[in-house]
Amino acid sequence: MSLIGRITRPGSKRLLAIDGGGIRGILALEILQRIEDLLRPDGDGGRFRLAHYFDYIAGTSTGGIIAAGLSMGMSVTEILDFYETCGTQMFVRAKLLERLRYKFDSEPLALKLKEVFGSDTTLGSAKLKTLLLLVMRNASTDSPWPLSNNPYGKYNDPTRFDDNSKIPLWQLVRASTAAPTYFPPEVIVLPGETEAKSKQFVFVDGGVTMYNNPTFQMFLMATVDRYWARKPDACWQSGADQMLIVSVGTGTSPDVRAGLDPNDMNLLFNATAIPSALMFAASNEQDLLCRVFGDCRAGEPIDREIGDLLGSVGPLARETKLFTYARYNAELSRAGLDALGLPYIKPENVQKMDAIDGMSDLREVGRKAAGRVKKEHFSGF
């Protein structure tokens, strides 16, 4: 079935979003493996893919790599193998002088993305089996850029000179993963433009927008008619019986600083602490919005005041919730790892976005977190 046929067919819709988080994406993949195993039909023979189940897949940064792979019909095992075999190759130290700007060289990652997705595969390629949302930040315009392959999107019109669907997929994924201080930015010349610097856009990681967790933005882009500009009546209908949204995190690591001295909060402290604090807060906000406006079936407590919000009501009564929702994640603090039954895993080994040496530990955390995924969370869909 064509993408247009799939997204316009009647019936409920199923959406999946994956957070950013560098190499911690391997944690999310273990959760996704559990979901794939639970949804696989009996006697399938290993042919089932999450792209067969989910109609819209979104991802930011490392979540963008995973989302693009899943949308192209890759199995979770295939993407896990990619992270296991290429993880160290993706994080190659930059030359000494370049480390004043970023830690790692972009070329090895770019080459791997070209290899996996194909250098000639575009955002509008028929190789994508689902709607796909990738989030990046356009540093040239100082704005978040959530880009989708929705064939009815305003800027996915093949008659336009600036048709986004012609942009190479690997380059958009690379742009979404260009975490400041980790990787250099990605420069993209939009279709129909010239090579002049004034016509180039400089992109960095979507994790430095409000959509490191892209779940609620994905919901908006699925249901708001302006995102379906060339066929507004094709936008998807909301409703707890019409839409299932599954959100998968890459682990959180709130940095508790007991006894912090205000005098320690100098420029260097703020430069290193504020970005991660904003990303953590933005991710929580996306999750909170989904739990308030959706009928939440699964999710760990957000904080001690509101808990997990399972079965809660708010501005919408239970019967008027906009979608059914499930959130799977793991806390990578000492307390969080202990709660998962992993007292022997050190938080510092799994918290960093470039924790290459901690990949085996991250996989173990992911498998433990995946135990929270239940088949009944998908009932009715």
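The text that follows walks through the structure, step by step, so that each part is easy to find. (Residues numbered from 1 in each chain as written. Predicted model: local features only at pLDDT ≥ 70, side-chain atom pairs only at ≥ 80, totals over all residues. Heavy atoms only, no water.)

**Observations concerning the overall build of the chain**
Step number 1: A tally of regular secondary structure across the chain gives twelve helices and nine strands.
Step number 2: Relative to its full complement of 381 residues, the chain shows a buried share of 54%.
Step number 3: Relative to all contacts within the chain whose residues are 6 or more apart in sequence, the contacts with residues 24 or more apart total 71%.
Step number 4: When the accessible surface of the chain is totalled, it reaches about 17100 Å², and 53% of it is carbon and sulfur. (Helix = DSSP H or I, 4+ residues; strand = E, 2+ residues; numbered from the N terminus. Buried < 20%, exposed > 50% of the residue type's maximum accessible area, 1.4 Å probe, protein only. Contact = heavy atoms within 4.5 Å. Areas by Shrake-Rupley, 256 points an atom, 1.4 Å probe, with all protein chains shown as cover.)

**Some thoughts on helix H7 (residues 169-176)**
In an α-helix, one turn spans 3.6 residues, which is why side chains three or four residues apart end up on the same side.
Step number 1: In terms of burial, H7 is largely enclosed, as eight of its eight residues are buried.
Step number 2: When H7 is considered as a whole, its buried residues turn out to be Leu169, Trp170, Gln171, Leu172, Val173, Arg174, Ala175 and Ser176.

**Comments concerning the pattern of salt bridges**
Step number 1: Scanning the entire structure with this criterion turns up 18 salt bridges.
Step number 2: Across the salt bridge formed by Arg160 and Asp162, the nearest N and O atoms sit 2.8 Å from each other.
Step number 3: Residue classification places Arg160 among the partly exposed positions, given a relative accessible area of 26%.
Step number 4: A relative accessible area of 13% means that Asp162 is categorised as buried. (Salt bridge = Lys/Arg side-chain N within 4 Å of Asp/Glu carboxyl O.)

**Looking at unusual backbone geometry**
Step number 1: At Asp142, a position not held by glycine, the phi torsion is positive, near 55 degrees.
Step number 2: Mapping Asp142 onto the fold places it in the loop between strand E3 (131-138) and strand E4 (143-148).
Step number 3: For Asp142, a relative accessible area of 58% puts it in the exposed group.
Step number 4: With phi around 65 degrees, Leu309 is a residue other than glycine that occupies positive phi space.
Step number 5: Relative to the helices and strands, Leu309 resides in the loop between strand E8 (295-298) and strand E9 (324-328).
Step number 6: Judged by relative accessible area, which is 15%, Leu309 ranks as buried.

**Points about the environment of Thr215**
Step number 1: Following the sequence through the fold, Thr215 ends up in helix H8 (residues 215-223).
Step number 2: A residue is classified by how much of its surface remains accessible, and Thr215, at 0% relative accessible area, is buried.
Step number 3: Taking the C-alpha atoms as reference points, Thr215 and Gln286, separated by 71 residues in sequence, lie 6.5 Å from one another.
Step number 4: The residues touching Thr215, leaving out its near neighbours within four places in the chain, are Ala17, Ile245, Ser247, Gln286, Cys290 and Tyr325.
Step number 5: Of note is the side chain of Thr215, whose polar atom sits 2.9 Å from the side chain of Ser247. (Polar contact = N/O pair within 3.5 Å; in protein donor to acceptor, adjacent residues only side chain to side chain.)

**Describing helix H12 (residues 359-370)**
Step number 1: The terminal C-alpha atoms of H12 lie 16 Å apart, and with twelve residues this matches the ideal 16 Å at 1.5 Å per residue to within 8%.
Step number 2: What H12 keeps buried is the set Met359, Leu362, Arg363, Val365, Gly366, Ala369 and Ala370. The buried residues of H12 occupy an angular sector of 160 degrees when the element is viewed end-on, so they sit on one face. (Expected span 1.5 Å × (residues − 1). Arc of directions from axis to C-beta.)

**Some remarks on the nonpolar core**
Step number 1: Core analysis: the biggest nonpolar cluster contains 74 residues, and Leu32, Ile35, Phe54, Leu70, Leu169 and Phe378 have the highest contact counts within it.
Step number 2: For this core, the element with the most residues is helix H2 (residues 25-39), which contributes nine residues.
Step number 3: Counting 26 residues, the second-largest nonpolar core is a separate cluster that includes Tyr56, Tyr152, Met221 and Phe323. (Core = buried A, V, L, I, M, F, W, Y, C linked by side-chain atoms within 4.5 Å.)

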